[in-house]
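Results of the structural survey
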Amino acid sequence: MASLWRYVLAGLGLAALLAGILAAVYLTAPQSPRPAGSEIARSKKTANGLFVTSFEPERGVVRQGELQSWLLTLRTNAGTPVEGAAITISGGMPQHRHGLPTSPQATDYLGDGRYRIGGVKFTMSGLWQLHFAISAAAGSDTVVFNVLL
Amino acid sequence: MCCSERWSKLNRFSRLFALLAMAVLAGCGKPEFSDAEKKTIASLALSALPPLKADTTNRFGDVPAAAALGATLFFDVGMSGDGKVSCSTCHKIDRQFQDDLPRAVGVGRTNRRTMPLAGVAHDAWFFWDGRRDSLWAQALAPLENPLEQAGNRTAYAHYIKARFGERYERIFGPLPDLTNVPANASPLGSDAEKAAWNAMSDAQAEDVNRVFANIGKAIAAFERSIAPPQTRFDRFAAALATGIQLPQGDDAFSPEEILGLKLFIGKANCVTCHTGPRFTDSGFHNTGVPPVANLPADRGRIDAVAQVEADPFNCFGAFRDGDAGACGELRFMVKAGPELARAYKTPSLRGAATRPPYMHAGQFSSLEEVVAHYSKALASVEGVSEVHPLQLSDRERAALVAFLKTLAE
């Protein structure tokens, strides 16, 4: 009988040890740069749901260390292109606590709710965030796009 | 019966445990690289450096005769106010185009460390603070800086016409008539030189500025040819990329160098800024490097923004070749923000081990001091340092230095 208790105790001890190791590994490991799949979506609603937006590189590929143009597309929930929007852009790398190496700007309106965002540059691999403040006839809203290099 | 059953259970358990322990030990003992590490190492190899792009703002940038004239001018002490200083006085050809001094000495003593030139043409910004936006505009600044070459704009134009007129005209076309142009005049010089400059006609000023800009374009054409050499790290990386787990022979790394490399791309976060085949992101960062006592205030990038915007030879200026589409860096430059205070350009680490002292004013005399600085991550005297303290042991710091040396062998 006593030996059975020893097995139970040993089992509990091993389980506790395993839990401890797992906790140590997961709590001390550097935060994974890869956020959940939905967070690096290239298309999403603005924070207050005013616009449906998408953000993608104008030439399809993201190149590290080069100035690139991206396209921000703005539509209403009904799918109507948003014209005449005022857009300001900020951002950075949250994990390294630094801002963007450039000041991207909305440089052209290309029609159909599409705005060219010039001067986008990612100098290193990792998670970048771009914050857009959008003002149009329908109102003002914000959206954050994550870009993972 | 009961006992033997228990024994066989225990036996099975201990066998499983032994297997697990062996697997763990085997994993620890093998100094191999993860796929992510291999990818990062490949991205740092010289073979990953893209071919140098044409500089459309300097249509002479890849003209051999311009590069040859630029080389002549680079080494010519006639290109200075006192006839004793050339670009090569500080950018010494046999010393990685730097001078081993904490702060450069030209005609006077400057407040900044001479930067080496290998691969410089890949940069978007020049000087430690990026106060110029092209290689050719950069080359012009020391020519008129009273502490560097201490010359003046019209004197350079006269000198070029007298000394290199024929070579110049074969490349850039006819030189202007300089008969009525004063011998010494510049918008940046002494009071007398400024007065003489202001007395010149707009056409004369434009003529002289054109010759001056072309001097910079010739020197830049020469500097475009200065490329970083292959190092032991590049041979190691090339061998690793072929699938060899641990390169052998001449390409081999010692266990200490491997540890240093792993730290560099891992826990020590060096690769955050020292990224890509030149080991630089070409950006500006405040890393809490202390100022040098008794030197004038030096705020880095934050004071350079206005300077590059005011430079008549910048990309928006009249002396740019090609269209303004090449001016993206200047157009989308970060102009304000606390992160610009005491931010300095990330230097390339290629060859760094054999060119102390380090930092923008030669603050640290050895790589050990540099690594210790980044390990401690002291606060910046102004703004906020982007560096966070690292818990690096003596052994780890030594390993980082050992790895850095492979970039200079």
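Residues numbered from 1 in each chain as written. Chains lettered and ligands numbered in written order. Predicted model: local features only at pLDDT ≥ 70, side-chain atom pairs only at ≥ 80, totals over all residues.

Looking at the UniProt feature "domain: Cytochrome c" (unreviewed entry) in chain B
Residues and elements named next belong to chain B. The criterion, for reference: UniProt positions are given in the numbering used here, feature names are shortened, and annotations may be inferred rather than shown by experiment. To qualify as a helix, a DSSP run of H or I must reach at least 4 residues; to qualify as a strand, a run of E must reach at least 2; elements of each kind are numbered from the N terminus.
According to UniProt, the "domain: Cytochrome c" (unreviewed entry) feature falls on residues 65–216 and 255–408. Counted over residues 65–216, helix gives 45% and strand 0%. Its end C-alpha atoms are 14 Å apart. Taken end to end, residues 255–408 is 31% helix and 3% strand, and its first and last C-alpha atoms sit 18 Å apart.

Notes on the packing of helix 3 (residues 64–74) of chain B against helix 6 (residues 153–172) of chain B
Residues and elements named next belong to chain B. Using the following cut-off: Axis definition: a line fit to C-alpha positions, over the contact stretch in the case of helices; interaxial angles, taken between N-to-C directions, run 0 to 180 degrees. Angular relationships are summarised with four words: roughly parallel below 35 degrees, roughly antiparallel beyond 145, roughly perpendicular across 65 to 115, and oblique for the angles in between. For a crossing to be left-handed, the near helix must be turned anticlockwise from the far one by less than a right angle; the clockwise case is right-handed. Residue pairs qualify as contacts under a 7 Å threshold applied to their C-beta atoms, which are placed from the backbone. Three categories are distinguished: nonpolar for Ala, Val, Leu, Ile, Met, Phe, Trp, Tyr, Cys and Pro, charged for Asp, Glu, Lys and Arg, and polar for the others, with Gly belonging to the last.
In the contact formed by helix 3 and helix 6, the axes pass within 9 Å of each other and the chain directions differ by 150 degrees. Comparing their axes, helix 6 and helix 3 come out roughly antiparallel. Between helix 3 and helix 6 lies a crossing of left-handed hand. Of helix 6, the residues touching helix 3 (which contributes Ala65, Ala66 and Leu69) are Phe164, Arg167, Tyr168, Arg170 and Ile171. Along the lines of polarity and charge, the residues of the contact of helix 3 with helix 6 split into 6 nonpolar, no polar and 2 charged.

Notes on the packing of helix 2 (residues 35–44) of chain B against helix 9 (residues 232–241) of chain B
Residue and element names in this part refer to chain B. It is at 9 Å that the axes of helix 2 and helix 9 come closest, and there the two elements cross at 135 degrees. Taken together, the axes of helix 2 and helix 9 are oblique relative to one another. Classified by chirality, the crossing of helix 9 by helix 2 is left-handed. Contact with helix 2, carried on its side by Lys38, Ile41, Ala42 and Leu44, involves Ala237, Leu240 and Ala241 of helix 9 and no other residues of that element. Class assignment of the residues belonging to the contact of helix 2 with helix 9 gives a composition of 6 nonpolar, no polar and 1 charged.

Here we look at the UniProt feature "domain: YtkA-like" (unreviewed entry) in chain A
If you check UniProt for "domain: YtkA-like" (unreviewed entry), the listed places come out as residues 64–131 of chain A in our numbering. Overall, residues 64–131 of chain A shows 0% helix and 56% strand. The separation of its end C-alpha atoms is 19 Å.

Considerations on the interface of chain A and chain B
If you look at the interface, chain A gives 15 residues, while chain B gives 15 residues. Here the side of chain A that touches chain B is composed, by residue class, of 4 nonpolar, 10 polar and 1 charged.

Notes on the sheet that holds strand 7 (residues 114–120) of chain A
Residues and elements named next belong to chain A. Rules: Two strands qualify as a pair provided DSSP detects at least 2 bridges between them.
Across the sheet, which stays open at both edges, the 5 strands sit in the order 1-2-3-7-6 with antiparallel pairing between neighbours. With one partner strand each, in any of the chains shown, strand 1 (43–45) and strand 6 (105–111) form the two edges of the open sheet. Ignoring which end each strand starts from, the neighbouring axes of this sheet average 25 degrees apart. Here strand 2 (residues 51–57) pairs with strand 3 (residues 68–76) via 7 bridges, running antiparallel. When the bridges of strand 3 are listed, Pro57 appears paired with Trp70.

Looking at the nonpolar core
Residues and elements named next belong to chain B. Heads up, the rule is: The nonpolar core criterion groups buried Ala, Val, Leu, Ile, Met, Phe, Trp, Tyr and Cys residues into a set whenever they are joined through C-beta atoms within 7 Å. Residue burial here comes from a neighbour count, namely the number of other C-beta atoms, placed from the backbone, that lie within 10 Å of the residue's own C-beta, with 20 or more meaning buried, 12 or fewer meaning exposed, and in between meaning partly exposed.
By size, the foremost hydrophobic cluster in this structure holds 40 residues, and its most contacted members are Phe212, Ile215, Ala218 and Ile219. Listed by contribution, the elements that provide at least two residues to this core are helix 3, helix 5 (135–144), helix 6 and helix 8 (202–223). Among the elements that line this core, the one with the most residues is helix 8, at 10 residues. Beyond its immediate chain neighbours, meaning those up to four positions away, Ile219 contacts Gly70, Leu73, Phe74, Cys87 and Ala139.

What to know about the domain arrangement of chain B
Residue and element names in this part refer to chain B. Put simply, the rule is: For the purposes of this description, domain bounds are those given by an automatic or database domain assignment.
The domains assigned to chain B are domain 1 (32–49 + 229–300 + 341–408) and domain 2 (64–223). For domain 1 and domain 2, the distance between their C-alpha centroids amounts to 32 Å. Contacts between the two partners involve 18 residues from domain 1 and, on the opposite side, 19 residues from domain 2. Of the residues assigned to the side of domain 1 that touches domain 2, the class counts are 7 nonpolar, 6 polar and 5 charged.

Some thoughts on the confidence of the model for chain B
All names here are of chain B. Filter applied, for reference: The predictor attaches a confidence to each residue, called pLDDT, with possible values from 0 through 100.
Of all residues in chain B, 92% have pLDDT values of 70 or greater, and the mean over the chain is 93. Contacts from residues 21–29, a stretch scored under 50 in pLDDT, to residues over four places away or in other chains number 0 contacts. Note on the complex model: pTM 0.87, ipTM 0.83.

Some points on the sheet that holds strand 4 (residues 86–93) of chain A
Spatial ordering of the open sheet is given by 5-4-8-9 (chain A), a layout of 4 strands whose pairing is antiparallel. The outermost strands of the open sheet, each flanked by one partner alone, are strand 5 (98–99) and strand 9 (139–148) of chain A.

Re the environment of B:Gly337
All names here are of chain B. By secondary structure assignment, the location of Gly337 is in the loop between helix 12 (328–331) and strand 2 (344–345). Since 16 C-beta atoms lie within 10 Å of it, Gly337 is described here as partly exposed. C-alpha separation for the pair Gly337 and Gly383, spaced 46 residues apart in sequence, amounts to 9.7 Å.

A closer look at the pairing of strand 7 of chain A
Residue and element names in this part refer to chain A. The element strand 7 is largely enclosed, with a buried count of 5 among its 7 residues. Here strand 3 runs beside strand 7; their pairing, made up of 5 bridges, is antiparallel. When the bridges of strand 7 are listed, Leu71 appears paired with Arg116. By the bridge criterion, 5 bridges tie strand 6 to strand 7 in an arrangement that is antiparallel. Residue pairing across strands places Gly111 opposite Arg114, the latter belonging to strand 7. The turn linking strand 6 back onto strand 7 is made up of 2 residues, and Asp112 within it adopts a positive phi angle of 60 degrees.

Some details on the pairing of strand 9 of chain A
Residue and element names in this part refer to chain A. Taken together, the 10 bridges between strand 8 (residues 127–136) and strand 9 define a ladder with antiparallel strand orientation. Paired with Trp128 across the strands is Val147, a residue of strand 9. With antiparallel pairing between neighbouring strands as the criterion, strand 8 and strand 9 make up a hairpin whose turn holds 2 residues.

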